[in-house]
Amino acid sequence: MAFENDERPLYEIKANLFKGLAHPYRIRVLEILAGVSEAPVSEMISATGLEASHLSQHLSVLRRYGLVVSERRASVVYYRLAFPQVADLLQVARALLSELLQDSQRHQSSALALPAISSVR
């Protein structure tokens, strides 16, 4: 795991965790895994539209940060969330995003309701 014997402050470690999450496809992979007990790589390739090599890179980052675990059975590799809290984190992020978008829409509506500005020439 990327955090073993880490002497850095907790806020820095946490920031690096979020860096590991900071890619749309990694979020998508985690969302896929949050909805199932486990998924084979082939299903994740189909669900994301990524090439196998690109998906492998993203899964490697997620493994490095301890967010997913894998298990090989015969020639098939299965992934699952390492902790149920990862799904909770995704749910909280989605709820926050929803609130932010609503707030943004309210601001946009307020701006559109402002009177027109005439240019003075």
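Each remark here, short or long, concerns the structure printed above.
All of these numbers come straight from a predicted model, not from anything done at the bench.

Let's shift gears to the packing of helix α2 (residues 24–34) against helix α4 (residues 52–64). Contact geometry of α2 with α4 gives a least axis separation of 10 Å together with a crossing angle of 75°. If you check the angle between α2 and α4, you find them roughly perpendicular. On α4, the residues touching Y25, R26, V29 and L30 of α2 are L55, H58, L59, V61 and L62. A per-class count over the contact of α2 with α4 returns 7 nonpolar, 1 polar and 1 charged.

Turning next to the pattern of salt bridges. In the structure shown here, the tally under the stated rule is 4 salt bridges. Here E71 ties to R73 by a salt bridge, and the two come within 3.1 Å at their closest N and O atoms. Residue E71 is classed as partly exposed on the basis of its relative accessible area of 36%. By sharing partners, the salt bridges in this structure join E38, E71 and R73 into a single network.

Let's shift gears to the packing of α2 against helix α3 (residues 41–48). When two helices pack together, their arrangement is given by the angle between the helix axes and by the axis-to-axis distance. Look at α2 against α3: their axes get within 11 Å of each other, and the N-to-C directions meet at 125°. Classified by the angle their axes make, α2 and α3 are oblique. Seen from above, α2 lies across α3 with right-handed handedness. Packed against α2, whose contacting residues are Y25, R28, V29, I32 and L33, the element α3 presents M44, A47 and T48 at the interface.

We now examine the sheet that holds strand β2 (residues 68–73). The 3 strands lie next to each other as β1-β3-β2, forming an open sheet whose pairing is antiparallel. A strand with exactly one partner marks an edge of an open sheet, and here the two such strands are β1 (39–40) and β2. Pairing between β1 and strand β3 (residues 76–81): 2 bridges, direction antiparallel. By the bridge assignment for β3, P40 is matched with Y78. Sitting on the sheet, α4 is in contact with β2 and β3, with an inclination near 120° to β2.

As a further point, take the environment of A34. In this structure, A34 sits in helix α2. Separated by 25 residues in the primary sequence, A34 and L59 place their C-alpha atoms 14 Å from one another. Once residues within four sequence positions are removed from consideration, A34 is found in contact with L81, A87 and L90.

Enumeration over the complete set of coordinates arrives at 0 aromatic pairs. Across from the ring centre of Y78, 4.2 Å away, lies the NZ or CZ of R73, which sits over that ring.

What follows deals with the nonpolar core. Core analysis: the largest hydrophobic core is formed by 22 residues, its most contacted members being L30, L33, M44 and L67. Beyond its immediate stretch of four places on either side in the chain, M44 contacts V29, I32, L33, A39, G49, L55, L59 and Y79.

All right, on to the environment of V76 then. With respect to the element layout, V76 can be found in strand β3. Note on V76: relative accessible area 29%, which makes it partly exposed. Here the alpha-carbon distance between V76 and E43, two residues 33 residues apart in the chain, equals 11 Å. Not counting the four nearest positions on each side in its chain, V76 is found in contact with P40 and E71.

Parameters at a glance
Chains are numbered independently. Their residues run from 1 in the order of the written sequence. The predicted origin of the model limits local features to residues at a pLDDT of at least 70 and limits the giving and counting of side-chain atom pairs to 80 or more, whereas totals for whole chains, interfaces and linings rest on all residues. Calculated side-chain values reflect all of the structure's heavy atoms, with hydrogen atoms and water omitted. Lines are fitted to the C-alpha atoms to define the axes, a helix being fitted only along its stretch in contact, and any angle between axes, read from their N-to-C directions, falls within 0 to 180 degrees. Helix and strand assignments come from DSSP, with helices taken as H or I runs of at least 4 residues and strands as E runs of at least 2, each series counted from the N terminus. Any angle that falls under 35 degrees is termed roughly parallel, while one over 145 is termed roughly antiparallel, one within 65 to 115 roughly perpendicular, and all others oblique. In this description, contact between two residues means that some pair of their heavy atoms is separated by no more than 4.5 Å. Residues are grouped as follows: Ala, Val, Leu, Ile, Met, Phe, Trp, Tyr, Cys and Pro are nonpolar; Asp, Glu, Lys and Arg are charged; all remaining types, including Gly, are polar. Salt-bridge detection follows one rule: a side-chain nitrogen of Lys or Arg within 4 Å of a carboxyl oxygen of Asp or Glu. Buried means the residue's accessible area, taken with a 1.4 Å probe over protein chains only, is under 20% of the maximum for its type, while exposed means over 50%, and partly exposed covers the values in between. Should the near helix be turned counterclockwise from the far one by less than a right angle, the crossing is left-handed, whereas a clockwise turn marks it as right-handed. Between any two strands, at least two bridges found by DSSP are needed for them to pair. Note on ring pairs: Phe, Tyr and Trp rings are taken, using the six-membered ring of Trp, and paired if centres are within 6.5 Å. Classes follow the plane angle, with under 30 degrees stacked, over 60 edge-to-face and the rest tilted. Comment: the charge-over-ring label is applied if NZ (Lys) or CZ (Arg) is within 6 Å of the ring centre and within 35 degrees of the ring normal. Each nonpolar core is a collection of buried residues, namely Ala, Val, Leu, Ile, Met, Phe, Trp, Tyr and Cys, held together in the definition by side-chain atoms within 4.5 Å.

That is the geometry; function is a separate question.
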